[in-house]
Amino acid sequence: MPSTSALNTECDPSGLASPAPGGDQLLQQRLELVEDLWETVLRSECPPEQAERLLQMKQLSAPLASEPQSSASDAVVQLIREMDLVEAIAAARAFSLYFQLVNILEQRIEEDSYLASISRSADQPDRIDPFAPPLASQTEPATFQELFERLRRLNVPPAQLEALLQNLDIRLVFTAHPTEIVRHTVRHKQRRVATLLQQLQGSTEVSKGDQASLRQQLEEEIRLWWRTDELHQFKPSVLDEVDYALHYFQQVLFDAMPQLRRRISSALQQSYPDVRLPPSAFCTFGSWVGSDRDGNPSVTPEITWRTACYQRQLMLDRYVSAVQDLRDQLSISMQWSQVSAPLLESLEMDRLRFPEIYEERAARYRLEPYRLKLSYMLERLRLTQQRNQQLSDAGWRTPPEGLIPCPTEAAAGNSAEALHYDSVAEFRSDLELIRNSLVSTELTCEPLDTLLTQVHIFGFSLASLDIRQESTRHSDALDELTRYLRLPTAYGEMDEAARVQWLLSEMQTRRPLIPPAVEWSSTTAETIAVFRMLHRLQEEFGSRICRTYVISMSHTVSDLLEVLLLAKEAGLVDPAAHHADLLVVPLFETVEDLQRAPEVMGQLFENPLYIQLLPRVGEQAQPLQELMLGYSDSNKDSGFLSSNWEIHQAQIALQDLASRHGVALRLFHGRGGSVGRGGGPAYQAILAQPSGTLQGRIKITEQGEVLASKYSLPELALYNLETVSTAVVQNSLVTNQLDATPSWNELMARLASRSRSHYRALVHDNPDLVAFFQQVTPIEEISKLQISSRPARRKSGAKDLSSLRAIPWVFGWTQSRFLLPSWFGVGTALAEEVSSDPEQLELLRRLHQRWPFFRMLISKVEMTLSKVDLDLAHHYVSSLGRADHREAFERIYATIAAEHDLTRQLVLEITGQDRLLDGDPALQLSVDLRNRTIVPLGFLQVALLRRLRDQNRQPPMSEAPNTDPDGRTYSRSELLRGALLTINGIAAGMRNTG
């Protein structure tokens, strides 16, 4: 495929491909329409003088090459000084609108690009680029068709490919954070605009009259958008976040997944016709929304229970609609077609279960057995919906026998056999009964096959809920418990060896550990309740609804055993029967924890009791261990380069360990949207994983901020799903030994160590860095955005770096255009290596050409550097830093600027380019466009933050207007609103929050 597209920025890990003409050319062509629409809306919605100033600001943000940037910036600052607050807010909204229109435009270009690549592949199925790099070194995304054809030409045996596909296990886990900054209401406006743009630009056959009509509709839709408030009116609840995340399943993914299966089927038919398709559920979904309770007190057991009920309700609604459509379609008469005996037998059983349905429908469908069967199925689905609503209303503490039977079930005598679908397996069995009957008479029904695929993938649960909790919550609960029981030594006073011994001993006893009817502290009561709720959840919904429990900040063996013991007390684990309904997943986050992970897991793998409790996978029934690797906190702890290297090394060591113990490993990558939190193009990131560590299994977080850019349009969603799948297959089959090259590993170890030292010297050891971050970035204002149910800090009231979450840490640096977490320390490490031996530069260039891991590192740093604006960043420092910190802040800025220049120089020397992103003109154009146009928003933000903070430093007072040095009066809430609007706009322009 051609070069990566314009959308391949920090927040979009999809890495889509440019169409044949080049994404840069298409962007330039289509940008004229978007800018014309933007200007038209401003002129119609703003007073004439205000509109002219806004357009002048836009023009000044893209100066001619001969005009000095500094003079244009000075002119922008002067315009801002002349604005009152109303006009400043209008400017922030105008530029935010502009960037969101450009985002929509780029998404449409990528969707067109994907469709064009599919069309070219269909027209020339055997065409392979003779100049394409070896598959082991390929970095451009590949479709199923391209990958399978290249694997065939490499003589990959069909049996080897089939073995991998049969065990393919790809899991994408949606999260509520990084915080989604765009309102749900505005997303609807954006989709409408995107649809109209596609209709206007997507076809050359649109008549002039239709073009004028579409253009008019676009203007009206954007004007409606302009008059809609971009800011959330209230802090969203957890269930609001659940609704937002599940929207993508409703609108796109439910229909996209069967198409994904059809595409892999078509591609296999062309290159490997004898290879069996992977299971329908080779790619499934999980969610943390409504179940991630780490640091979020709003996620209670009741919320998780209601989330599960909500998810099931969505699926039942979809299945009711699909079965109704099938009933309309399957009008087959027994007079003209045979029907299988099992189907006829099931109809007789259904007649006994549902006599009222038989009386109502038998006359009408007497000779149409499929319609009659589907009528019975609709009644069972309806009863399942009623029961689900009862479960949601009653809550998790109500036992099954406490639920009132549905009227139909009560009339049937409330027999032992429930009339509703007790599990998705029963529903799937009914569908397969119909399909088998059709197949036996040489008929097929694509909508039925599509529905069966959806049932295999989504079940009744839609997405599996992963529980996540911080490790000390479990140890604190056990400490309180042991003190209540008056054990000789309380749990909190035991050392690690004593803890492990006590935990293993308690797990093998049959007596209960937790006494009933004890009033525990609120946190301990909540911890115990979560496990009891999980047991009730699995009892009602099946284990699929929640199979994993993630322990954040995992450090030791006891961290995992604590969860297993609490799960045993709730009935989720039975050591005597060697059975567990919950997989405990340690999350190793800091560099020290990543380095210690093999030792921790080694102790567990050597314990027979622990191994017996792991689930079994594959034909050899291997025990499966899932491990999560944290990108965000390791980066905040040690910097970008060190974090990535430690994660890379940990994967190799953990896979070697698992192989020695006969354990199958599924690595769970906690990647964020931004590069500073592990983001970047997913295809390249997967290919950069160490060879031999995937083996067809991977689990990846899909962060809230990238959901819209990856899943809001059907073809974009399909492309992301397809390229993630092909990358996993490619990495698993086409191995290289580059990760095992001793000299390269030694080089990376030196670079990581030097980078970490330089990063920590600034971030952790400089006493003025926390004040610098708080004053010269909008971090405090970010915490006031009503965009997340989760607090910005782990500990309320704490202002230190350790308490700050990685998301706002990255968000603040991005807003002020430093983007420091994504590159700082890399330049010093590279420079020291080259200065010690100039010939090392050639080695670094060779690594960039040949080693996917190193190429991915440099490409992420290059892209991030291209978005840094040190002139604008210095404006934040000089304008927002307090006078008593001025000298210290200037020293910090000088350190950052020097590191930036050094990193940029070394990256260009390694890539052999004259300018950042020369190798990707489409991305370069997109970043240049955003870098120029975002400048006014930065100056606006600084001006508003300065006024707001000047007022905040005054003694407490009412919301009455205050007078600023320019003689204008604003209330604090008005100034805060203006500042928050600039945060919205910059996030849209940078395509990144945290």
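What you see is a predicted model; the values in this text were computed from it and never measured. (Residues numbered from 1 in each chain as written. Predicted model: local features only at pLDDT ≥ 70, side-chain atom pairs only at ≥ 80, totals over all residues. Heavy atoms only, no water.)

Trainee: Even after reading the chapter, I still don't get the overall build of the protein chain, so can you show me in this structure?
Mentor: Looking only at helices and strands, the protein chain features 39 helices and 14 strands. Scored against the burial criterion, the 994 residues of the protein chain give a buried share of 62%. Sequence-distant contacts, at least 24 apart, represent 82% of the contacts inside the protein chain between residues at least 6 apart. Surface accessibility of the protein chain: about 37,800 Å² in total, with carbon and sulfur atoms responsible for 49%. (Helix = DSSP H or I, 4+ residues; strand = E, 2+ residues; numbered from the N terminus. Buried < 20%, exposed > 50% of the residue type's maximum accessible area, 1.4 Å probe, protein only. Contact = heavy atoms within 4.5 Å. Areas by Shrake-Rupley, 256 points an atom, 1.4 Å probe, with all protein chains shown as cover.)

Trainee: Help me out: how do you make sense of the nonpolar core in this one?
Mentor: For soluble globular proteins, the rule of thumb is that nonpolar side chains tend to be buried together. In this structure, Phe772, Trp809 and Phe818 are the most contacted members of the largest nonpolar core, which totals 134 residues. Ranked by residues supplied to this core, first place goes to helix α4 (residues 85–123) with 15 residues. Setting aside residues up to four positions removed in sequence, Phe772 forms contacts with Thr777, Trp813, Phe818, Val877, Phe889, Ile892, Tyr893 and Ile896. Phe144, Ala176, Met257 and Leu260 belong to the second-largest nonpolar core, a separate cluster that totals 93 residues. (Core = buried A, V, L, I, M, F, W, Y, C linked by side-chain atoms within 4.5 Å.)

Trainee: What am I meant to see in the packing of helix α18 (residues 496–507) against helix α20 (residues 557–569) here?
Mentor: In a pair of packed helices, the angle between the axes and the distance between the axes together describe the arrangement. Contact geometry of α18 with α20 gives a least axis separation of 9 Å together with a crossing angle of 25°. By the angle between their axes, α18 is roughly parallel relative to α20. The two elements α18 and α20 cross, and the hand of that crossing is left-handed. Between α18 and α20, the residues in contact are Glu496, Arg499, Val500, Trp502, Leu503, Leu504, Glu506 and Met507 and Val557, Ser558, Leu561, Glu562, Leu564, Leu565 and Lys568, respectively. Residues belonging to the contact of α18 with α20 are distributed by class as follows: nine nonpolar, one polar and five charged. (Axes fitted to C-alpha atoms, helices over the stretch in contact; angles between N-to-C directions. Parallel < 35°, antiparallel > 145°, perpendicular 65-115°, else oblique. Left-handed = near helix turned anticlockwise from the far one by under 90°. Nonpolar A, V, L, I, M, F, W, Y, C, P; charged D, E, K, R; others polar.)

Trainee: Whenever I open this one, helix α6 (residues 158–166) confuses me. Can you help?
Mentor: A turn of α-helix holds 3.6 residues, and therefore any two residues three or four places apart point the same way. Of the positions making up α6, those classed as buried are Leu161, Leu164 and Leu165. Angularly, the buried residues of α6 cover 95° about the axis, an arc narrow enough to put them on a single face. Along its buried surface, α6 packs onto α5 (144–153), α9 (238–271) and α27 (714–733). (Arc of directions from axis to C-beta.)

Trainee: Before we go on, may I ask you to explain unusual backbone geometry in this structure?
Mentor: In most cases, non-glycine residues show a negative phi, while peptide bonds are predominantly trans. Even without glycine at this site, Glu442 takes up a positive phi of about 65°. Of note, Leu819 is a non-glycine position whose phi angle comes to about 50°, a positive value. With respect to the secondary-structure elements, Leu819 resides in the loop between α31 (806–815) and α32 (826–836). Looking at Leu819, the relative accessible area reads 2%, which means it is buried.

Trainee: Hey, could you run me through the packing of helix α13 (residues 369–394) against helix α15 (residues 424–440) in this one?
Mentor: Closest axis-to-axis distance for the α13/α15 pair is 11 Å, and the angle between their directions is 170°. On the basis of the axis angle, α13 is roughly antiparallel to α15. In this structure, α13 uses Tyr370, Lys373, Leu374, Met377, Arg380 and Leu381 to contact α15, whose residues at the interface are Glu426, Phe427, Asp430, Leu431, Leu433, Ile434, Ser437 and Leu438. Residues that form the contact of α13 with α15 fall into these classes: nine nonpolar, one polar and four charged.

Trainee: Looking at this model, I keep getting lost on α27. Mind explaining?
Mentor: In this model α27 runs 29 Å from its N-terminal to its C-terminal C-alpha over 20 residues, within 8% of the 28 Å that 1.5 Å per residue would give. Counting buried positions along α27 gives 19 out of 20 residues, so the element sits mostly inside the fold. (Expected span 1.5 Å × (residues − 1).)

Trainee: Would you mind showing me how to read the side chain of Lys867 here?
Mentor: Looking at the element boundaries, Lys867 is found in helix α34 (residues 852–867). The class of Lys867 is buried, set by a relative accessible area of 3%.

Trainee: Explanation requested: the pattern of salt bridges in the structure shown.
Mentor: Pairing of side chains with opposite charge becomes possible as their charged atoms draw close. In the structure shown here, the tally under the stated rule is 56 salt bridges. Note that Asp430 is salt-bridged to Arg380, the shortest N-O span being 4.0 Å. One end of the pair, Asp430, is in helix α15; the other, Arg380, is in helix α13, and 50 residues separate them in sequence. Across the pair, Arg380 and Asp430 agree in class, each one buried. Here Arg760 and Asp637 are joined by a salt bridge, their closest N and O atoms 3.0 Å apart. (Salt bridge = Lys/Arg side-chain N within 4 Å of Asp/Glu carboxyl O.)

Trainee: Where do I start with the pairing of strand β4 (residues 467–470) in this structure?
Mentor: On a regular strand, one side chain projects to one face of the sheet and the next to the other, so that they alternate. Residues Ile467 and Gln469 point to one face of β4 and Arg468 and Glu470 to the other, with burial holding for every one of them. Alignment of β4 against strand β5 (residues 548–552), held across four bridges, turns out to be parallel. By the bridge assignment for β5, Glu470 is matched with Ser552. (Pairing = 2+ DSSP bridges.)

Trainee: Sorry if this is basic, but what is going on with the packing of aromatic side chains here?
Mentor: All chains considered together, the criterion is met by 36 aromatic pairs. When the ring of Tyr491 is compared with that of Trp502, the centres are 5.7 Å apart and the planes differ by 55°; the resulting orientation is tilted. Here the residue Tyr491 occupies a position in the loop between α17 (471–485) and α18, and Trp502 occupies one in helix α18, the gap between them amounting to 11 residues. Of the two residues, Tyr491 and Trp502, neither departs from the other in class, the shared state being buried. Against the face of Trp226 rests Arg93, its NZ or CZ located 4.4 Å from the ring centre. Lys699 extends its terminal NZ or CZ atom over the ring of Phe668, reaching a point 4.6 Å from the ring centre. (Phe/Tyr/Trp six-rings, centres within 6.5 Å; stacked < 30°, edge-to-face > 60°. Lys NZ or Arg CZ within 6 Å of the ring centre and 35° of its normal.)

Trainee: Would you mind going over the environment of Thr864 with me for this structure?
Mentor: By the element assignment, Thr864 lies in helix α34. The exposure class assigned to Thr864 is buried, which follows from its relative accessible area of 0%. For Thr864 and Pro821, which are 43 residues apart along the polypeptide, the C-alpha to C-alpha distance reads 9.7 Å. In terms of polar contacts, Thr864 uses its side chain to reach the backbone carbonyl oxygen of Lys860, at 2.8 Å. (Polar contact = N/O pair within 3.5 Å; in protein donor to acceptor, adjacent residues only side chain to side chain.)

Trainee: It is not clear to me how the environment of Met507 should be interpreted in this structure. Could you clarify?
Mentor: With respect to the secondary-structure elements, Met507 resides in helix α18. Between the C-alpha atoms of Met507 and Val573, which are 66 residues apart in sequence, the distance is 9.1 Å. Excluding its chain neighbours within four sequence positions, the residues that come into contact with Met507 are Leu561, Leu564, Leu565, Lys568, Pro575, Leu609 and Leu613.

Trainee: Is there a simple way to think about the confidence of the model for the protein chain in this case?
Mentor: Reading fine detail from the predicted coordinates is not recommended where pLDDT is low. Taken over all residues, the pLDDT of the protein chain has a mean of 88, while the share at 70 or more is 88%. pLDDT under 50 marks residues 955–962. Its contacts with residues more than four places away, or in other chains, come to 15 contacts. (pLDDT = per-residue confidence, 0-100.)

Trainee: Please explain the side chain of Lys568 as it appears in this structure.
Mentor: Within the secondary structure layout, Lys568 lies in helix α20. Looking at Lys568, the relative accessible area reads 12%, which means it is buried. For Lys568, the side chain forms a polar contact with the main-chain oxygen of Thr509, separated by 2.9 Å. Residues in contact with Lys568, not counting those within four places in the same chain, are Glu506, Met507, Thr509, Arg511, Val573 and Pro575.

Trainee: Honestly, the pairing of strand β12 (residues 697–702) in this entry has me stumped. Any pointers?
Mentor: Within β12, six of the six residues are buried, which leaves the element mostly enclosed by the surrounding structure. As defined by bridge partners, strand β1 (residues 169–174) adjoins β12 across six bridges and the pair is classed as parallel. Bridge pairing in β12 links Arg171 to Lys699. Pairing of strand β11 (residues 664–670) with β12, which is carried by two bridges, proceeds in the parallel orientation.

Trainee: Honestly, the environment of Leu374 in this entry has me stumped. Any pointers?
Mentor: Mapped onto the secondary structure, Leu374 falls in helix α13. Judged by its relative accessible area of 0%, Leu374 is buried. When the C-alpha atoms of Leu374 and Ile434 are compared, they prove to be 9.0 Å apart, with 60 residues separating the residues in sequence. Residue contacts for Leu374: discarding those within four places in its chain leaves Val323, Leu326, Arg327, Leu330 and Ile434.

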